[in-house]
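Below, each chain spelled out in residue letters.
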Amino acid sequence: FFFGYRMSTGDDITVLTVSRGRPQLLLRAIRSVQQQDYSGEIHHLVVVDDDPQTVAVLKKQNLSSINFKWISKPRAAATASGPHHLAALRNLAVQTAKTKWITFLDDDNEYEAHHLSKLMECAHKNACPAVHSWMQILHFDGTPYLEQRWPWCRDRAEGATRYQEFIKRGVLSAGSNVVKDSIHNLPYRCVDTSEWMIQRDLLLKNPISTLFTREDFLANKAEDDKLLLGLLAAKVPIVCNEVVSLRYYLGGYSTNHDGTHKHSETWKWEGSNLTATLRAPKAKSTWRSRCCLGGSSHGLSAMKGKAEPELLPDAVRKAMDDVYYSQFRRATTLPLHPASIAVATAQPQKVAIIVPFRDNQIQRRQEQLDIFVPFLTRQLQRLPSMDFHMFVIEQSDMQKFNRGKLLNVGFKIAKSLGYNRHIFHDVDLLPDQDLVAYYGEQQSSPLHLGARWEKYKNLGIFFGGVVGMSSDDCERVNGYPNSFWGWGGEDEELYHRVVDHGLTVYHPTAGRYTELPHKSTKELKGLVNEQRFRQIAQRVQKPTSDGLSDLQVRRIGEPQHAADHVTRYPVVL
């Protein structure tokens, strides 16, 4: 299938991506293109390499508002994966593109927001038709790669030797994950394909060679080596902008030597042919990772290699939770009984119900919102002297859901309209009448209404679901973090901020929540924030300032007044 697009001119750029078998990583790459600060027009063309799963995922995405197109390219029966095949697909993408400038982005990598603008700035400044950036190397989980070994070498000893060689050459620096690529590092190191920006005419005249030999395989040469050699042979002027703007994740075919990463193929040479296999990864326990955040196993080393958490006995899971949470300080917590609720009598209290939202058909979020809004409206209208309004803050982009950032946006909007108490509320939780009485409570300290949610009552630290805070306390703790993308972690980070500022947390003693049915987010791996435990662990040494003070969003759309007491704000983060 091909979705065509118009011819463009000037400094428009087409980003070319070849993808096979890893649609969730592809979506991450697409988001990084969407987030570019480049002022010119950007097109993104994806060539899907004979993969119905990726095609199905792309068809479900709402990409009509951006210059995004894709081609599905079937394979012949005898076609094998390898750099020769990938080079051919890149050449096809170049032929299909219509813009003056071409960049490449592997489906498992990301651009920093200034990647394209800095490359174009360098091209103009130097009147150069081919420019490239530097990059940083990251583990598959997003942590910096700091091992003193060059990861592209199959042999570990050779990798250690090559690392020291690159230290001397200035390509690497000890203790850093930055790679300062240069055209002068051949034959040991080239320029990664995703670092380039090149005029399309040059690529049409000098296509990437599809000829690869056994010697190329043994030297771990790929199509990026062939690209650079072709440019040098054609005597094309090349300049590096010396900006680190590519996030290169390990685990792709060129570094997946042992088949650990299931999303990437592992190549080997058999007879006279290059073949590719897809291997299952080694077993890894995410709960083991939680207990070893600080580098110590806390006496739980015997649990290494256990099954995923849903297969662990409840007692074991509880023990591991206790170990994880034992490293953190706790807030002073006090019960708040119904008879102690302070309700406004003279002046109505302005209460903002802030709901982070994005429609998700798998989890039926719009259906939940259609139930939640009229239900809670009826409940709150029964409270005396309460001036309330619901602010539904809807994420309208393709990035992972960012609950914390959406709640910060909602707080800023509500406070600007004079609301002085804020209830941060998940859309799938319905309070009973006993619990709704607490929504009009005027006490200045944080009130964790979500403590009445049975689902998480035994969790070591839980500060999610529904939380009430005054404007002063929200600003004192700097709100939620903006950097937690995907499900999980932002509510726990808010709790640690409350602890850091010595605030007392009150818990209701009456009422309960009913959770609207939906598929658990934990089961939808692409929606989960896989970095949440590492992000929380890092704050132990250095508390973050990330929050209300540095909140930035790309766009807040026109407010939509859905009903009395309800306004919906579309937001592009």
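Residues numbered from 1 in each chain as written. Predicted model: local features only at pLDDT ≥ 70, side-chain atom pairs only at ≥ 80, totals over all residues. Heavy atoms only, no water.

(A) Up close: the overall build of the protein chain. Secondary structure summary: the protein chain contains 16 helices and 22 strands in total. The contacts in the protein chain between residues at least 6 apart in sequence include a share of 75% that link residues at least 24 apart. A total accessible area of about 25900 Å² is found for the protein chain, and carbon and sulfur atoms account for 51% of it. (Helix = DSSP H or I, 4+ residues; strand = E, 2+ residues; numbered from the N terminus. Contact = heavy atoms within 4.5 Å. Areas by Shrake-Rupley, 256 points an atom, 1.4 Å probe, with all protein chains shown as cover.)

(B) Molecular detail of unusual backbone geometry. Even without a glycine there, the phi angle at aspartate 50 is positive, about 50 degrees. Mapped onto the elements, aspartate 50 comes out in the loop between strand S2 (42-49) and helix H2 (52-60). Judged by relative accessible area, which is 33%, aspartate 50 ranks as partly exposed. The backbone of asparagine 478 shows a phi angle near 70 degrees, a positive value even though the residue is not glycine. The residue asparagine 478 is located in the loop between helix H14 (471-476) and helix H15 (490-500) in this model. (Buried < 20%, exposed > 50% of the residue type's maximum accessible area, 1.4 Å probe, protein only.)

(C) Broad picture of the nonpolar core. Counting residues in hydrophobic clusters, the biggest one holds 35 residues, and the most contacted among them are Ile353, Leu380, Tyr439 and Leu449. Secondary structure elements with two or more residues in this core: strand S13 (349-357), helix H11 (365-381), strand S14 (386-395), strand S16 (429-431) and helix H13 (433-436). It is H11 that provides the largest number of residues to this core, a total of 5 residues. Not counting the four nearest positions on each side in its chain, isoleucine 353 is found in contact with Leu376, Leu380, His389, Met390, Phe391, Ile423, His425 and Tyr439. Within the second largest apolar cluster, 33 residues are counted, among which are Ala331, Met469, Ile536 and Tyr569. (Core = buried A, V, L, I, M, F, W, Y, C linked by side-chain atoms within 4.5 Å.)

(D) Representation of the pattern of salt bridges within the structure. The full count for this structure, using the stated rule, is 23 salt bridges. When the shortest N-O distance is used, the salt bridge between aspartate 500 and arginine 329 registers 3.0 Å. Taken together, the positions of aspartate 500 in helix H15 and arginine 329 in the loop between helix H10 (314-325) and strand S12 (333-336) put the pair 171 residues apart, joining distant regions of the chain. The partner of arginine 403 in a salt bridge is aspartate 426, with the nearest N and O atoms 2.9 Å apart. In this pair, arginine 403 sits in helix H12 (residues 403-416) while aspartate 426 sits in the loop between strand S15 (421-425) and S16, placing the two residues 23 residues apart along the sequence. The network of salt bridges with shared partners includes Arg22, Asp107 and Asp108. (Salt bridge = Lys/Arg side-chain N within 4 Å of Asp/Glu carboxyl O.)

(E) Main features of empty space enclosed by the protein. Applying the stated criterion across every chain, the model contains 3 cavities of 30 Å³ or more. Empty space within the largest cavity amounts to approximately 80 Å³. Considering the residues around the largest cavity, the lining is formed by 13 residues, among which Tyr145, Glu147, Tyr163, Leu172 and Ser176 are closest to the centre. When grouped by side-chain class, the residues that make up the lining of the largest cavity number 8 nonpolar, 3 polar and 2 charged. Estimated volume of the second largest cavity: approximately 50 Å³. Lining the second largest cavity we find Asn408, Phe411, Phe424, Met469, Cys474, Val477, Gly479, Tyr480, Leu494 and Leu548. Looking at the lining of the second largest cavity, its residues break down into 8 nonpolar, 2 polar and no charged. (1 Å grid on protein atoms, 1.4 Å probe; cavity = no way out; pocket = protein on both sides within 12 Å on 5 of 7 lines; lining within 4 Å. Points joined across faces, edges and corners; volume = space filled by probe spheres on them. Nonpolar A, V, L, I, M, F, W, Y, C, P; charged D, E, K, R; others polar.)

(F) Representation of H2 within the structure. Listed in full, the buried residues belonging to H2 are Thr54, Val55, Val57 and Leu58. Projected down its long axis, H2 shows its buried positions confined to an angular sector of 165 degrees, all on one face. Of the residues in H2, the exposed ones pointing more than 90 degrees away from the buried face are Pro52, Lys59 and Lys60. The inward-facing, buried residues of H2 abut strand S1 (13-19), helix H1 (23-34), S2 and strand S3 (68-73). (Arc of directions from axis to C-beta.)

(G) Examining the side chain of aspartate 428 more closely. Turning to its location among the elements, aspartate 428 is positioned in the loop between S15 and S16. Taking the relative accessible area as the measure of exposure, aspartate 428 reaches 6% and is therefore buried. For aspartate 428, the contacting residues outside a window of four places in its chain are Arg365, Gln368, Thr514, Glu515, Leu516 and His518.

(H) Summary view of the environment of valine 572. Looking at the element boundaries, valine 572 is found in strand S22 (residues 566-572). C-alpha separation for the pair valine 572 and valine 553, spaced 19 residues apart in sequence, amounts to 6.5 Å. Excluding its chain neighbours within four sequence positions, the residues that come into contact with valine 572 are Ser396, Asp397, Val553, Arg554 and Arg555.

(I) Molecular detail of the packing of aromatic side chains. In this structure the tally under the stated criterion is 8 aromatic pairs. With a centroid separation of 4.7 Å and an interplanar angle of 75 degrees, the aromatic rings of tryptophan 150 and phenylalanine 166 are classed as edge-to-face. In this pair, tryptophan 150 is assigned in the loop between strand S6 (130-138) and helix H5 (156-169) and phenylalanine 166 in helix H5, connecting sequence segments 16 residues apart. Looking at phenylalanine 166, the relative accessible area reads 0%, which means it is buried. Here phenylalanine 424 and tyrosine 480 contribute two aromatic rings whose centre-to-centre distance is 5.3 Å and whose plane-to-plane angle is 85 degrees, an arrangement assigned as edge-to-face. (Phe/Tyr/Trp six-rings, centres within 6.5 Å; stacked < 30°, edge-to-face > 60°.)

(J) Representation of helix H8 (residues 223-233) in the model. Of all the positions in H8, only Glu223, Asp224, Asp225, Lys226, Leu227, Leu228 and Leu231 are classed as buried. Where H8 terminates, the next one or two residues include lysine 235, which has phi positive at roughly 55 degrees.

(K) Spatial organisation of the pairing of strand S8 (residues 196-199). With 3 bridges connecting them, strand S4 (residues 101-104) and S8 associate as antiparallel partners. Counterpart to threonine 103 in the pairing with S8 is methionine 197. In the sheet, S6 pairs with S8 via 3 bridges, with the strands oriented antiparallel. Each residue of the ladder has a partner; that of valine 131, found in S8, is methionine 197. (Pairing = 2+ DSSP bridges.)

(L) Structural context of the state of the cysteines. Scanning all chains against the criterion turns up 0 disulfides. Counting only cysteine sulfurs, cysteine 128 is the nearest neighbor of cysteine 122, a cysteine outside any disulfide, at a range of 6.8 Å. Cysteine 122 sits in the buried class, given a relative accessible area of 7%. Counting only cysteine sulfurs, cysteine 122 is the nearest neighbor of cysteine 240, a cysteine outside any disulfide, at a range of 7.3 Å. (Disulfide = S-S within 2.5 Å.)

Geometry only, nothing functional implied.
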